[in-house]
Amino acid sequence: MPELPEVETVRRSLEPRLLGAVIRDVSASVDNLRLPVNVDTLRRFCCGRRICALRRRAKFLVVVFDNGAGLILHLGMTGAFRIVPESTPYTVHERVAWTLSGGRSWRFADVRRFGSVRPTHFPDAGGDPPELAHLGIEPLAPAFDGAHLYRLSRGRRRPIKNLIMDQTMVVGVGNIYASEALFRAGIHPARPAGRVGRASASRLATAIREVLEEAIAAGGTTLRDFRDPDGSEGMFQVHLAVYGRQAGDCPRCGMAAGIRRVVMAGRSSFYCRGCQR
DNA sequence: ATATTCCCCTGGAAGC
DNA sequence: TGCTTCCAGGGGAATA
């Protein structure tokens, strides 16, 4: 369940350990994750390269090399990184390994293989690679506010929850934080996006920003698989107000068994039937 | 043009 | 006990 806070937690953990490292070799134990993994191509892109930056865009990690190339990484559902001594035996689900200067090995494990590892070129320093050009606005950017969300939602009949999870609209919000943000804003997840008014859009934009920032501060949410590169679990799951709490009492309005679970667009969605309209 | 459905993949839990 | 089914859900292609 890595969403923006989990990916940012991973980025912050990896950054100090990867910056300045030189990649000596790459190996892979599978030829496809979510996308094909071509180890020869990876070697051509990575070997001899120094890592200059580690960015996050949406739920992607972006590794920037010293020559205008780099990697786009996605954790999928069960992806995890660790950095270990080169001699450390591989675990069964470690799919890709980069040998780094200093005798270290940077490992990508992914049980369900929904993750991805893509080499890329950057058209300009600091910009997104073309593969990520379709992505919408970063919710923690200053330009993301109620007015922006209001404009995005005009004329759209799809449920507001589906819209805020649409990565071409606003990025980083997945199934867990969508339910949490809508709860905080008092908006029913199935409300048509175009029927969300200015005041509600403003509350929702604020709620999205706040829940993501609080989750980052807590090191993310661990419900099943998520671990940071040190193997630690996140702590935000104890702060979830509605996600996974069907039949629970509402922590805001107090309605007994007020929390409902419904399926929207194939995803479990949680809301309080007493205080979300 | 917009929005939904399907598929990828594995393991743990629940059901029979 | 053991087998089957369901569920988790991000992203992107296919489809309506």
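Our subject is the structure listed above.
Residues numbered from 1 in each chain as written. Chains lettered and ligands numbered in written order. Predicted model: local features only at pLDDT ≥ 70, side-chain atom pairs only at ≥ 80, totals over all residues. Heavy atoms only, no water.

Student: Help me understand the packing of helix H1 (residues 4–18) against helix H6 (residues 198–217) in this model?
Tutor: Axis angle and axis distance: for two packed helices, these are the angle between their axes and the distance between the axes, and together they describe the pair. Two numbers describe how H1 lies on H6: the axes approach to 9 Å, and their chain directions differ by 40°. Crossing hand, H1 versus H6: right-handed. Here H1 contributes Leu4, Pro5, Glu8, Thr9 and Arg12 to the contact with H6, which in turn contributes Leu212, Ala215 and Ile216. Here the residues of the contact of H1 with H6 are counted per class, giving five nonpolar, one polar and two charged. (Axes fitted to C-alpha atoms, helices over the stretch in contact; angles between N-to-C directions. Helix = DSSP H or I, 4+ residues; strand = E, 2+ residues; numbered from the N terminus. Left-handed = near helix turned anticlockwise from the far one by under 90°. Contact = heavy atoms within 4.5 Å. Nonpolar A, V, L, I, M, F, W, Y, C, P; charged D, E, K, R; others polar.)

Student: Help me understand helix H3 (residues 146–153), please; the structure alone is not making it clear to me.
Tutor: It helps to recall that an α-helix has 3.6 residues per turn; residues three or four apart then point in one direction. In terms of burial, H3 is a largely internal element, six of the eight residues being buried. For H3, the elements touching its buried residues are helix H4 (160–165) and H6. The N-cap of H3, judged by a side-chain oxygen 3.3 Å from the amide nitrogen of Ala147 a few residues on, is Asp145. Gly155 occupies a position one or two residues after H3 and carries a positive phi of about 75°. (Buried < 20%, exposed > 50% of the residue type's maximum accessible area, 1.4 Å probe, protein only. Polar contact = N/O pair within 3.5 Å; in protein donor to acceptor, adjacent residues only side chain to side chain.)

Student: Honestly, the sheet that holds strand S6 (residues 94–100) in this entry has me stumped. Any pointers?
Tutor: The sheet built from four strands is open, its strands ordered S1-S6-S7-S5 with antiparallel pairing. In this open sheet, the two edge strands, each paired with only one partner strand, are strand S1 (23–28) and strand S5 (79–85). Between one strand and the next, the sheet's axes are offset by a mean angle of 20°, whatever the strand orientation. Summarising the sheet, S5 and strand S7 (residues 104–110) pair through seven bridges and their orientation is antiparallel. Bridged to Pro85 within S7 is Arg104. Docked against the sheet, H1 engages S5, S6 and S7, running at close to 25° with respect to S5. Strand contacts of helix H2 (residues 39–46): S1 and S6, with the helix running at about 165° to S1, the strand carrying the most contacts. (Pairing = 2+ DSSP bridges.)

Student: Can you help me understand the environment of Asp40 in this one?
Tutor: Tracing the chain through its elements places Asp40 in helix H2. Exposure remark for Asp40: the relative accessible area of 52% places this residue in the exposed category. As for Asp40 and Val26, which are separated by 14 residues in sequence, their C-alpha atoms are 8.7 Å apart.

Student: Help me out: how do you make sense of the nonpolar core in this one?
Tutor: Burial of nonpolar side chains together is a common tendency in soluble globular proteins. Membership of the largest hydrophobic core comes to 43 residues, with the highest contact counts inside it found for Ile160, Ile164, Leu204 and Ile208. The set of elements that each furnish at least two residues to this core consists of H3, H4, helix H5 (175–185), H6 and strand S10 (267–272). Here the element with the most residues in this core is H6; it accounts for nine residues. Ignoring anything within four residues of it in the chain, the contact list for Ile208 reads Pro139, Phe144, Ile164, Val173 and Ala181. (Core = buried A, V, L, I, M, F, W, Y, C linked by side-chain atoms within 4.5 Å.)

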